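Summary of structural features
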Amino acid sequence: MTTLVQTAFVLALLTQLIGISLGAGYDEACKESRCDDHLVCSSTSTCRLAAGAGGCQTSRQCGDLMICNASGTVHLCQCKRGYVAMASGNCGNRTGVACIGKKDCGDMMDCVGPAGALTCTCTFGYIERSDGSCGLGVNTQCSKATDCGDNMECDAVGGQAKCSCNKNFVPRLDASCGVKVSRKCQQSSDCGDNMTCMNELDTSLCTCNATYIPREDGSCGLRRGAGCSKKEQCADNMKCSGPTSRSTCTCDMTYILKGSGACGKAAMSPCSSSDECSDNMECHESQGGQVCTCSQGYTAREDGLCGRAEQEVCLSTDDCGDYMNCTHVHEMQICLCHDGYTVRLDGSCGKAFLQLCSADTDCGSNMICSKSAVRYACVHLVFLPDWMEAVVYPLVVHAMSQLSVGTTWSVMEMALKANTVTVWKIMFQNQVEFVAEMLEQHALDLKNVGIS
C-alpha cells in the first residue's frame, strides 16, 4: 500500500513539474477556447500543447492527432501524417482526405463531394499546398507570406500586399506557382503550365510541351500558327486572330516571324537586347539609340527580316535578301542579284544604272532616282569638285538647251577632258550617256529638257 501511495505521489509531482515547464493551464480541465496560449483543448477536455509548440517529452503532452517529434535538440508537437496544422493550434484532415463535416478538415477547407465520398477540399479562392494545407493564390491580398501558397511571398503591389511567385517560379492558371522553363525539376507537377520535366544531359529541366515555346517571363505560350481562343494563350508579341472557330496565334503589329514559331522585332526597330530581335539580328547602338541590326553576312529585307547578302551561301532563295536568287555556282549555291540589279556596299541588291525607279532607295550604291524626259531611272550620283560644279555643269546645261544631241555629246566630252580625276570622268560620262539616250529615245525639243 505504501508503494502505491509513493508512486501516485511521484506521478502527481511529475505532472505538476511538467505543468510548470509547459506553461500555466497545462493539463487543466477545459472547454473550447479556455486554454492558455500554445495550448489546445484535447478530446479528453484537458489542455495540451498545440501544433508547433515546443517543450514536449512525449506525444501524450500534445493535442489530438499529434506526435512529439524531435527536431535537433528541440522537441515539437507536430500533426500526424495525413493531417495539417490549423490556426487554432489543432490538427485537421489534409486535402483529399475523407471527412464527415467541415470541422474535420484543416483551415480554409470545405467537406464536399458526392454522398458517401466526401473529402476535404480547399475553399474557393485558396489553393492546395504540398503539405495538404490551403493557402491564398497568386494576386490575392495577404498580410504575411504564410498566408500564401507554396513558392510565394507576400509583396506590396500598387499599395496593397499580394501573393506573388518567388524567383524562378511562374503563375499557373490555377493561381499556384510552378518552376520556370529551363529550371531544374524533379517531376512534371513541379513545372509551370504546359511544361514537362525532362532529363537533359543528366539534369532534369522543365521544358515546354509540343506547340508551345518559352516566354520572356519563363512560362510557355502557344507558338505562331497554333490554334487559340484568346491572346493570353499565345507566346510573347502575338495576338489571337482569325475566325472564331479557326483563330490562330499571329505576330503583333511591328513584329515579324522568328525561328521556332516565335515573333521578334524587325530590322531597324528599337531594342534593348538582341533577344528581342528576329533571326540573324543583333541589338546594336545606332544614331538615336539601339536598333535591331542584321548580323554580318546578312542584309535587311523589305519584310523586316534579314536575308543572306549577295555571294553568301544559301539553301534556297528564301534564305537570300530581296531581289536575289539562290544560284548554283561552282558546286555550291550562293545568293546572286537578279538581272537588272547590282550589289550594294551592304550586300543587298539595288536597281542597276538606267533601270526604272520610283525612289532613291530603289537604286544601287552611289545612285539616285533621277527624272529626265518622261521617266525616272537610276543614275550615278556625281560628287563634282568645286571647279567642275562652277565650270562644267553650266556648260552641260547650256549645251542641252541649245545644241543637237550629237553636238551636246561633243561638248560634254570636251568638258570632261579638262577633268584629270578619272573616277569623276567615268561617273559623269555615265550621266551624259543616260541623258543622250533619253533625248534620242523621246526626240523632244531640247529647250524643254532639264536635268533634275
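Residues numbered from 1 in each chain as written. Predicted model: local features only at pLDDT ≥ 70, side-chain atom pairs only at ≥ 80, totals over all residues. Heavy atoms only, no water.

1. Some details on the overall build of the chain
In terms of helices and strands, the chain carries 4 helices and 32 strands. Per-residue burial over the chain gives 37% buried out of 452 residues. A sequence separation of at least 24 residues applies to 25% of the contacts in the chain between residues at least 6 apart. On the chain, roughly 26,200 Å² of surface is accessible, and the fraction owed to carbon and sulfur atoms is 52%. (Helix = DSSP H or I, 4+ residues; strand = E, 2+ residues; numbered from the N terminus. Buried < 20%, exposed > 50% of the residue type's maximum accessible area, 1.4 Å probe, protein only. Contact = heavy atoms within 4.5 Å. Areas by Shrake-Rupley, 256 points an atom, 1.4 Å probe, with all protein chains shown as cover.)

2. Describing the environment of Arg375
Summarising the element assignment, Arg375 is placed in strand β32 (residues 375–380). Take Arg375: its relative accessible area is 21%, and that puts it in the partly exposed class. Between the C-alpha atoms of Arg375 and Leu356, which are 19 residues apart in sequence, the distance is 7.5 Å.

3. Here's the deal with the pattern of salt bridges
With the rule as written, the count across this model stands at 5 salt bridges. Where Lys144 meets Asp147, a salt bridge forms, and the shortest distance between an N and an O atom there is 3.1 Å. (Salt bridge = Lys/Arg side-chain N within 4 Å of Asp/Glu carboxyl O.)

4. A short note on the state of the cysteines
The tally for this structure, following the rule as stated, stands at 25 disulfides. With a sulfur-sulfur separation of 2.0 Å, Cys122 is cross-linked through a disulfide to Cys134. Classification of the bridge connecting Cys122 and Cys134 rests on its S-S torsion, roughly -90°, and on that basis the disulfide is left-handed. With Cys122 in strand β8 (residues 119–122) and Cys134 in strand β10 (residues 134–136), this residue pair connects regions lying 12 residues apart in the sequence. Given a relative accessible area of 16%, Cys122 falls into the buried group. Residue Cys337 pairs covalently with Cys349 via a disulfide, S to S 1.9 Å. Its S-S torsion of approximately -85° makes the covalent link between Cys337 and Cys349 left-handed. One end of the pair, Cys337, is in strand β28 (residues 332–337); the other, Cys349, is in strand β30 (residues 349–351), and 12 residues separate them in sequence. For the pair Cys337 and Cys349, a shared accessibility class is recorded, and that class is buried. (Disulfide = S-S within 2.5 Å.)

5. Details of the nonpolar core
With 18 residues, the main nonpolar core has Cys35, Leu39, Leu49, Cys56, Cys62, Met66 and Cys77 as its most contacted residues. Secondary structure elements with two or more residues in this core: β1 (39–41), β2 (47–49), β3 (66–71) and β4 (74–79). The element best represented in this core is β1, accounting for 3 residues. In contact with Cys35, not counting residues within four places along its chain, are Cys30, Val40, Cys41 and Cys47. Formed by 12 residues, the second largest nonpolar core is a distinct cluster that contains Ile256, Ala266, Cys294 and Cys306. (Core = buried A, V, L, I, M, F, W, Y, C linked by side-chain atoms within 4.5 Å.)

6. Things to note about the pairing of strand β7 (residues 109–112)
Residues Met109 and Cys111 point to one face of β7 and are all buried, whereas Asp110 and Val112, pointing to the other face, are not buried. Summarising the sheet, β7 and β8 pair through 4 bridges and their orientation is antiparallel. Bridge pairing in β8 links Met109 to Cys122. Here β7 folds back onto β8 in antiparallel fashion, the turn holding 6 residues, of which Gly113 has a positive phi close to 135°. (Pairing = 2+ DSSP bridges.)

7. Some words on the side chain of Arg129
In this fold, Arg129 is placed in the loop between β9 (126–128) and β10. Buried charged residue Arg129 carries no salt bridge. Nearest counter-charge: Asp150, at 4.8 Å. Polar contacts involving the side chain of Arg129 include one to the main-chain carbonyl oxygen of Asp147, which spans 3.5 Å. (Lys, Arg positive; Asp, Glu negative; His and termini not counted. Polar contact = N/O pair within 3.5 Å; in protein donor to acceptor, adjacent residues only side chain to side chain.)

8. Comments concerning unusual backbone geometry
With a phi close to 75°, Met268 is a non-glycine residue in the positive phi region. Looking at where Met268 falls in the secondary structure, it is placed in the loop between β22 (262–265) and β23 (281–286). The exposed category is assigned to Met268, whose relative accessible area is 54%. Although it is not a glycine, Gln311 sits at a positive phi angle of roughly 80°. As for its placement among the helices and strands, Gln311 is situated in the loop between β26 (306–308) and β27 (324–329). A relative accessible area of 48% means that Gln311 is categorised as partly exposed.

9. Structural notes on the pairing of β23
Two elements, β23 and strand β24 (residues 289–294), share 6 bridges in a ladder whose sense is antiparallel. Across the sheet, His284 pairs through a bridge with Val291, a residue of β24. Between β23 and β24, which pair antiparallel in sequence order, lie 2 residues; one of them, Gly288, sits at a positive phi of approximately 95°.

10. Quick word on the side chain of Lys258
With respect to the helices and strands, Lys258 occurs in strand β21 (residues 255–258). Of note is the side chain of Lys258, whose polar atom sits 2.8 Å from the backbone oxygen of Asp275. Aside from chain neighbours lying at most four places away, what touches Lys258 is Arg224, Cys263, Gly264, Asp275, Cys277, Ser278 and Asp279.

11. Brief notes about the environment of Ala50
Within the secondary structure layout, Ala50 lies in the loop between β2 and β3. Here Ala50 falls in the buried class, since its relative accessible area comes to 8%. Taking C-alpha positions, Ala50 is 4.8 Å from Leu39, a pair spaced 11 residues apart along the chain. With residues up to four places along the chain from it excluded, the contact list for Ala50 reads His38, Leu39, Val40, Met66, Cys77 and Gly89.

12. Description of the confidence of the model for the chain
For the chain, the mean per-residue pLDDT works out to 81, and 77% of the residues sit at or above 70. Every residue in residues 1–24 scores below 50 in pLDDT, and together they form 10 contacts with partners more than four places removed in sequence or on other chains. Every residue in residues 438–452 is under pLDDT 50, and counting partners more than four places away or in other chains gives 29 contacts. (pLDDT = per-residue confidence, 0-100.)

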